[in-house]
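Below are the chains, spelled out letter by letter.
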Amino acid sequence: VEEAPPDAQDLNAIACPSVTTCYAVGQHTILATTDSGTTWSNKTNYPSDSDPLTGIDCISTTTCIAVGNVVNCLLGENDPCPPQVFAILSTTDSGNVWIGHRVATDVNPISVACPSAAACFATGFVGPADENIGGDVGSILRTTDLGATWSEQSVPPETGIVASIACPSATICFAVGQGTDAVGGLILRAGIL
């Protein structure tokens with residue numbers, strides 16, 4: 001068992017673009033290793049008003065996108081919640097500097113997948129988190145410029161919260177939705193052009 005640095009908080013996701021390099025994210029925490037997990041460094045150079053991080057994926061050992069939302073904060077992790085500005089962070093220099101990116105109001109990213117350098121996808125839900133912790137409208141966002149801009153993709157209304165996405169190739173992605181009251185969980189499949 002490897003232990004995180006003592007100031008790491010509530011880790012939620014990990015991405016390992018190589019056998020030696022991994023990034024882990026959580027409540028205002030970004031950790032990195034370049035020696036297969038023997039040592040971890042806390043990457044603190046990111047916007048202080050970013051959302052608590054819930055997902056990360058890496059295109060390479062130096063380029064990653066991390067996503068987050070205020071729900072974890074609202075569930076008592078940092079009560080009361082500070083105003084959050086950046087739901088998405090990106091780095092192109094091995095995590096030394098992270099750049100904050102905004103998404104549309106009430107879009108709350110949960111996970112991210114980057115099947116290629118040409119596209120990354122973030123999943124989540126749409127809705128005011130402070131009024132509806134779960135949200136009820138699923139969301140999938142797409143970026144082709146490492147998070148600087150995002151476009152919303154079409155999601156069936158019965159999908160509900162889109163909790164996770166995986167892309168086994170540069171042309172195919174699968175996402176899972178929690179469903180709505182009338183429909184159980186769903187699996188979405190998309191071809192990428």
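Just above, that's the structure.
Below you will find a few notes about this structure. The residue numbering used here restarts from 1 in each chain and proceeds along that chain's sequence as written. Only residues with pLDDT of at least 70 get local features here, since the model is predicted, and only at 80 or more are side-chain atom pairs given and counted; chain-wide, interface and lining totals rely on the full set of residues. Only hydrogens and water are set aside when side-chain values are computed; all heavy atoms of the structure are taken into account.

### Remarks on the sheet that holds strand β1 (residues 11–15)
Here is step 1 of the chain: At least two DSSP bridges between two strands are required for those strands to pair. Secondary structure counts use DSSP, requiring at least four H or I residues in a row for a helix and at least two E residues in a row for a strand, with both numbered from the N terminus. The antiparallel open sheet is built from 4 strands, whose spatial order is β1-β2-β3-β4. In the strand order of this sheet, the two ends are held by β1 and β4 (41–42), each with one partner.

### Here we look at the side chain of Asn-69
Here is step 1 of the chain: Tracing the chain through its elements places Asn-69 in the loop between β6 (64–68) and α1 (71–77).
Here is step 2 of the chain: The classification of residues rests on relative accessible area computed with a 1.4 Å probe and restricted to protein chains. Under 20% of the type maximum is buried, over 50% is exposed, and intermediate values are partly exposed. Since its relative accessible area comes to 3%, Asn-69 is described here as buried.
Here is step 3 of the chain: Whenever two N or O atoms come within 3.5 Å, that pair is a polar contact, provided that in protein one can donate a hydrogen and the other can accept it, and provided that, for residues adjacent in sequence, both atoms are side-chain atoms. Among the polar contacts listed, one links the side chain of Asn-69 to the backbone oxygen of Pro-109, at a separation of 2.7 Å.
Here is step 4 of the chain: Discounting residues that sit within four places of it in the chain, Asn-69 has contacts with Asp-51, Pro-52, Thr-54, Asn-108, Pro-109 and Ile-110. Residues are treated as being in contact if the distance between any of their heavy atoms lies within 4.5 Å.

### Quick word on the side chain of Lys-43
Here is step 1 of the chain: For Lys-43, the position within the fold is in the loop between β4 and β5 (53–58).
Here is step 2 of the chain: Within the buried core, Lys-43 has no salt-bridge partner, and the shortest N-O distance to an opposite charge, that of Asp-93, equals 7.6 Å.
Here is step 3 of the chain: Side-chain polar atoms of Lys-43 contact the side chain of Asn-96, separated by 3.1 Å.
Here is step 4 of the chain: With residues up to four places along the chain from it excluded, the contact list for Lys-43 reads Ile-30, Ala-32, Ser-94, Gly-95, Asn-96 and Trp-98. Charged residues are defined here as Lys and Arg on the positive side and Asp and Glu on the negative side; His and the ends of the chain fall outside this count. Here, a salt bridge means any side-chain nitrogen of Lys or Arg that lies within 4 Å of a carboxyl oxygen of Asp or Glu.

### Overview of a nonpolar patch on the surface
Here is step 1 of the chain: A cluster of nonpolar side chains, Phe-174, Val-176 and Ile-187, forms an exposed patch at the surface whose accessible area comes to about 280 Å².
Here is step 2 of the chain: Here Phe-174 shows up in strand β14 (residues 172–177).
Here is step 3 of the chain: Relative accessible area serves as the criterion here: at 34%, Phe-174 is assigned to the partly exposed category. Each patch is assembled from residues with relative accessible area greater than 30% and no salt bridge, linking like charges that lie within 9 Å and nonpolar side chains (Val, Leu, Ile, Met, Phe, Trp, Tyr) that lie within 5 Å. Values of accessible area rely on a 1.4 Å probe in the Shrake-Rupley scheme; residue burial ignores everything except the protein chains shown.

### As for the nonpolar core
Here is step 1 of the chain: Counting residues in hydrophobic clusters, the biggest one holds 15 residues, and the most contacted among them are Tyr-23, Val-25, Ile-30, Ile-56, Leu-89 and Trp-98.
Here is step 2 of the chain: Elements supplying a minimum of two residues to this core: β1, β2 (22–26), β3 (29–33), β5 and β6.
Here is step 3 of the chain: With 3 residues, the single largest contributor to this core is β5.
Here is step 4 of the chain: Setting aside residues up to four positions removed in sequence, Leu-89 forms contacts with Ile-30, Tyr-46, Pro-47, Ser-50, Leu-53, Cys-64, Ile-65, Ala-66, Trp-98, Ile-99, Gly-100 and His-101. By convention a nonpolar core is built from buried Ala, Val, Leu, Ile, Met, Phe, Trp, Tyr and Cys residues, the set being connected through side-chain atoms within 4.5 Å.

### Quick word on the state of the cysteines
Here is step 1 of the chain: Pairs of cysteine sulfur atoms within 2.5 Å are what we label disulfides. Applying the stated rule across the entire model yields 4 disulfides.
Here is step 2 of the chain: For Cys-16, the disulfide goes to Cys-22, at an S-S distance of 2.1 Å. Because the sign of the S-S torsion sets the handedness, a value of about 110° for the bond joining Cys-16 and Cys-22 places this disulfide among the right-handed ones.
Here is step 3 of the chain: Assessed through its relative accessible area of 10%, Cys-22 is described here as buried.
Here is step 4 of the chain: A sulfur-sulfur distance of 1.9 Å marks the disulfide that ties Cys-167 to Cys-173.

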